[in-house]
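Listed here are the chains, written in short residue letters.
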Amino acid sequence: MPSWPVPLAAAVTAAQLGVDRAAAADLLRFGDAVSDVADGQPPDHAAFADLDLAVARWAASRRSCPTGDGISIVVTGARGQAQLKPREVRSLVRLLVVAGIVTSARLSSVTLLAVAADPELQARVRARPADAARVVEEALRRDPPLRFVLRQAAAGDVVACRLDEANRDPAAHPDPDHFDIDRDEPHLAFGAGVHRCPGAGLARRQAKVLLQTALARTSALAPAGDATWDRDRHLQGPAAVPLRFATGPPGIPGTR
Ligand code: HEM
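Residues numbered from 1 in each chain as written. Predicted model: local features only at pLDDT ≥ 70, side-chain atom pairs only at ≥ 80, totals over all residues.

If you look the protein chain up in an unreviewed UniProt entry, it shows as Cytochrome P450 from Svornostia abyssi.

So, in structure tokens, the structure goes:
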């Protein structure tokens, strides 16, 4: 199956920011550079320098000629609100560039995999496409793309708050390893408090639409080998999910 989640997430981010879709490959490179640093790897200085250059160029062009896109809103400020300082604009645009691509792609991949690997679940979502939202929510709960967020304690120590562990706490989520789309417990995949993810709605919608589209355009979906799964990194989830599919009458993919 052609690769869907990463190009979709990069295209959505490019559209949201208002940058050329051709820049999506650069956005991906910047996102990877940030993920690597979060995993303790040495920074890719060239990627960070290119990111800063790109952000400065985009911000300057919207300052002189706002277009109403995401970058223009950050640069010119929402109505009635104080304008951000150039330093703040830079860090917010940087964050918007990198925060939503690989995270959203991982969520879409876990969601697709869950449905491809479980024929009963797949039949249910094919019959009731609205249940795709429940699959997305359970994917976020059981396999949150971001494993932890960092906080600085008053004493100066940096503390990693484990979202993945919290989401599998049996006191909050009975039988926590079991993928069950009928759960209704709140989870922490998007963090909590003032820094809770502002892109949660967009990420949820992307994964839901991708799953619904994949099911609408196929009659069967199944794993085609083992998914390559990053487990011990800041960003977890399947890096690749090979799938096979059929487009004819319902049945087992690959048999027709
Ligand atoms: C499945 C996809 C995503 C996941 C799992 C995710 C997860 C998170 C988490 C856990 C935080 C909290 C960080 C903290 O408390 O330190 C966060 C913050 C943030 N996210 Fe997301 N995110 C996702 C998608 C997105 C998207 C699509 C965007 C952009 C539209 C985005 C933009 C941001 C921004 C700007 C922040 C910083 C908020 C702040 O510090 O106040 N995220 N995200």
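Some remarks on the nonpolar core
Membership of the largest hydrophobic core comes to 56 residues, with the highest contact counts inside it found for A10, L27, I101, L112, V115, V135 and L211. For this core, the element with the most residues is helix 6 (residues 101-117), which contributes 10 residues. Two domains share this core, each providing at least three of its residues, namely domain 1 (5-99) and domain 2 (105-143 + 179-246). When residues no more than four places from it in sequence are discounted, the contact partners of L27 are A10, T13, A14, V97 and I101. (Core = buried A, V, L, I, M, F, W, Y, C linked by C-beta atoms within 7 Å. Buried ≥ 20, exposed ≤ 12 C-beta atoms within 10 Å, placed from the backbone. Helix = DSSP H or I, 4+ residues; strand = E, 2+ residues; numbered from the N terminus. Domains from an automatic or database assignment. Contact = placed C-beta atoms within 7 Å.)

A short note on the domain arrangement of the protein chain
What the domain assignment lists for the protein chain is domain 1 (5-99) and domain 2 (105-143 + 179-246). Placing a centre on the C-alpha atoms of domain 1 and another on those of domain 2 gives a separation of 26 Å. Contacts between the two partners involve nine residues from domain 1, matched on the other side by 10 residues from domain 2. Those elements that place two or more of their residues in the side of domain 1 that touches domain 2 are helix 1 (5-17) and helix 2 (24-38). For the side of domain 1 that touches domain 2, the element with the highest residue contribution is helix 1, accounting for five residues.

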